[in-house]
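Single-letter residue listing:
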Amino acid sequence: MKNLKDLTRPNIWSLAPYSSARNEYSGHIARVFLDANENPYNNPYNRYPDPLQQEVKERISQIKHVPTECIFLGNGSDEAIDLVYRCFCEPKKDNVVAIEPTYGMYRVCADINDVEYRTVLLDENFQVRAESLLDACDENTKAIWICSPNNPTGNRINREEIIKVIENFQGLVVVDEAYIDFSQEESMTKHLPACPNLIVLQTLSKAWGSAAIRCGMAFAGKDIIDIYNKVKYPYNLNYLTQKQALERLNNTFEVEQWVKLLLQERRQLMEAFSLLPICRKVYPTDANFFLAEMDDAQKTYDYLVGKGVIVRNRTRITLCHNCLRITVGTKDENSELLSALRTME
Ligand SMILES: *Cc1c(COP(=O)(O)O)cnc(C)c1O
């Protein structure tokens, strides 16, 4: 890996970050807070939240076995994605490389930040070779995006190839594990100590059932997390989100039950789909959704909308012609989807 200073935008490297009252005072237990121009009334909403979310991070640290100083929390993974560009990519000069097709936010954030976005097409098994990704890089490539399990294809990317990319790339490798809790494979977080150029993204939005509160996680070496913390909005996770995240993280048992149930439902739903005459292929998945190739995805999509059942039409996505992306719902929701499809003209 290049040294972090050379990977970081010069203005960010030399940035003196905003220092809030809550930053500057964090010592002894205090009783009287007259330092932040807060209103003393309307407790607890009158106080600024913890800018570094220590309590939430300590709980995540226990669950994920990553030290708190190697954890960043953001307003969804989207914030952690955007920060890759804002911290490391010089507009109009640097570039990033990503697999294609994949999660749309990597490209949107590249476009917003005016950073070139290069793609490497997945093969017919939705896999990629490390050499193809590395060949797409040049001296201005700051990051490589790998989503595994991948959205919208559902499969995980071969672990040996990911490791090869990390070992042979001089810049950052971001592995987005939004769906890791539904996968048979272990998280890449165990490789963090040996891989200073690795950033692993996870989220409370999927298996943890908390998309509404907007809480994404980035795991990386302390030096990278320090840069993230310097650039983020001071209070990027509000009080209500931190409170609800803690509550959710303290009931992992319920999450495990949800995941078990969803995996069971996924198996049944995929089996039923593969038997539908209008379904040509069901792709293997490691996520809480799967890709199904239909005779006519647009027609099926429109029909389902008429029945009040919304799936994701991915027919215009590269390699996904005539594909629908189906999220696994409750038993009742899945039954409703299937009975609608079985009675389709
Ligand atoms: C859903 C999803 C996320 C989650 O984004 P949040 O902003 O945390 O809700 C991240 N990455 C991928 C690939 C996703 O599909």
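The model shown is predicted, which means the values in this text are computed figures rather than measured ones.

Draft legend 1. A look at the overall build of the chain. Scanning the chain from N- to C-terminus turns up 13 helices and 11 strands. Against the compact-globule benchmark of 20 Å for 345 residues, the chain has a radius of gyration of 22 Å, which places it among compact chains. Projected onto the principal axes, the alpha-carbon positions of the chain cover approximately 70 × 50 × 30 Å. Across the 345 residues of the chain, 52% fall into the buried class. For the chain, the accessible area works out to roughly 17,000 Å², and carbon and sulfur atoms hold 50% of it. Distance from the positive charge centre (40 side chains) to the negative charge centre (47 side chains) of the chain: 2 Å.

Draft legend 2. Here's a closer look at the site of the ligand. What surrounds the ligand is a group of 14 residues, the closest being Tyr179, Thr203, Ser205, Lys206 and Arg214. Separating an oxygen atom of the ligand from a side-chain N or O atom of Ser205 is a distance of 2.7 Å. Here an oxygen atom of the ligand sits 3.3 Å away from a polar atom, N or O, in the side chain of Lys206. Burial of the ligand by the protein chains amounts to 94% of its free accessible area of 390 Å². Residue classes in the shell around the ligand are distributed as 5 nonpolar, 5 polar and 4 charged.

Draft legend 3. Focus on the pattern of salt bridges. Taken as a whole and assessed by the stated rule, the structure comprises 21 salt bridges. Here Asp138 ties to Arg118 by a salt bridge, and the two come within 2.9 Å at their closest N and O atoms. Placement of Asp138 in the loop between helix H7 (130-135) and strand E4 (141-147) and of Arg118 in strand E3 (residues 116-121) is noted, with a sequence separation of 20 residues between them. Between Lys222 and Asp226 there is a salt bridge whose closest N-O contact spans 2.8 Å. Separated by 4 residues within a single helix, Lys222 and Asp226 lie in helix H9 (residues 222-231), roughly one turn from each other. The partly exposed category is assigned to Lys222, whose relative accessible area is 43%. Via salt bridges that share partners, Arg129, Glu131, Glu161 and Lys164 belong to a single interconnected network.

Draft legend 4. Here's a closer look at the nonpolar core. Formed by 51 residues in total, the largest nonpolar core has its most connected members in Ile60, Leu133, Ile144, Ile146, Leu198, Leu204 and Phe219. When neighbours within four sequence positions are excluded, Ile60 is seen to be in contact with His65, Ile71, Leu73, Met217, Phe219 and Leu249. With 33 residues, the next largest nonpolar core counts Ile81, Val84, Cys89 and Tyr106 among its residues.

Draft legend 5. Examining the packing of aromatic side chains more closely. Summed over all chains, the structure comprises 9 aromatic pairs. Between Phe72 and Tyr228 the ring centres are 4.9 Å apart and the planes differ by 85°, which places this aromatic pair in the edge-to-face class. Here the residue Phe72 occupies a position in strand E1 (residues 71-74), and Tyr228 occupies one in helix H9, the gap between them amounting to 156 residues. Ring plane angle 80° and centroid distance 5.0 Å describe the contact between Tyr179 and Phe289, whose orientation is recorded as edge-to-face. One end of the pair, Tyr179, is in the loop between strand E5 (172-176) and strand E6 (198-203); the other, Phe289, is in strand E9 (residues 289-294), with 110 residues separating them in the sequence. Summarising the burial analysis for this pair, Tyr179 and Phe289 share the class buried. Connected via pairs of aromatic rings, a cluster forms that spans Tyr85, Tyr103, Tyr106 and Trp145. Sitting over the ring of Phe289, Arg325 keeps its end group 5.5 Å from the ring centre.

Draft legend 6. Molecular detail of the sheet that holds strand E8 (residues 279-282). With respect to topology, 4 strands assemble into an open sheet ordered E8-E9-E11-E10, the strand pairing being antiparallel. Sheet topology places E8 and strand E10 (312-313) at the edges, where each strand pairs with a single neighbour. In the sheet, E9 pairs with strand E11 (residues 323-327) via 5 bridges, with the strands oriented antiparallel. Looking at E11, one finds that Glu293 is bridged to Cys323. Those strands touched by helix H11 (residues 252-275) are E8, E9 and E11, and its axis lies near 0° from that of E9. Across the sheet, helix H12 (residues 297-306) touches E9, E10 and E11, and the angle it forms with E11 is around 40°.

Draft legend 7. Fine view of helix H8 (residues 159-168). Among the residues of H8, Arg159, Glu161, Ile162, Val165 and Ile166 are the ones counted as buried. One face of H8 carries all of its buried residues, which in axial projection span an arc of 165°. Those residues of H8 that are exposed and angled more than 90 degrees off the buried face are Glu160 and Glu167. Those residues of H8 that are buried are in contact with H7, E4, E5 and E6.

Cut-off values and rules
Residues numbered from 1 in each chain as written. Predicted model: local features only at pLDDT ≥ 70, side-chain atom pairs only at ≥ 80, totals over all residues. Heavy atoms only, no water. Helix = DSSP H or I, 4+ residues; strand = E, 2+ residues; numbered from the N terminus. Rg over C-alpha atoms; globule rule 2.2 N^0.38 Å. Buried < 20%, exposed > 50% of the residue type's maximum accessible area, 1.4 Å probe, protein only. Areas by Shrake-Rupley, 256 points an atom, 1.4 Å probe, with all protein chains shown as cover. Lys, Arg positive; Asp, Glu negative; His and termini not counted. Charge placed at Lys NZ, Arg CZ, Asp CG, Glu CD. Near = heavy atom within 4 Å. Polar contact = N/O pair within 3.5 Å; in protein donor to acceptor, adjacent residues only side chain to side chain. Nonpolar A, V, L, I, M, F, W, Y, C, P; charged D, E, K, R; others polar. Salt bridge = Lys/Arg side-chain N within 4 Å of Asp/Glu carboxyl O. Core = buried A, V, L, I, M, F, W, Y, C linked by side-chain atoms within 4.5 Å. Contact = heavy atoms within 4.5 Å. Phe/Tyr/Trp six-rings, centres within 6.5 Å; stacked < 30°, edge-to-face > 60°. Lys NZ or Arg CZ within 6 Å of the ring centre and 35° of its normal. Pairing = 2+ DSSP bridges. Axes fitted to C-alpha atoms, helices over the stretch in contact; angles between N-to-C directions. Arc of directions from axis to C-beta.

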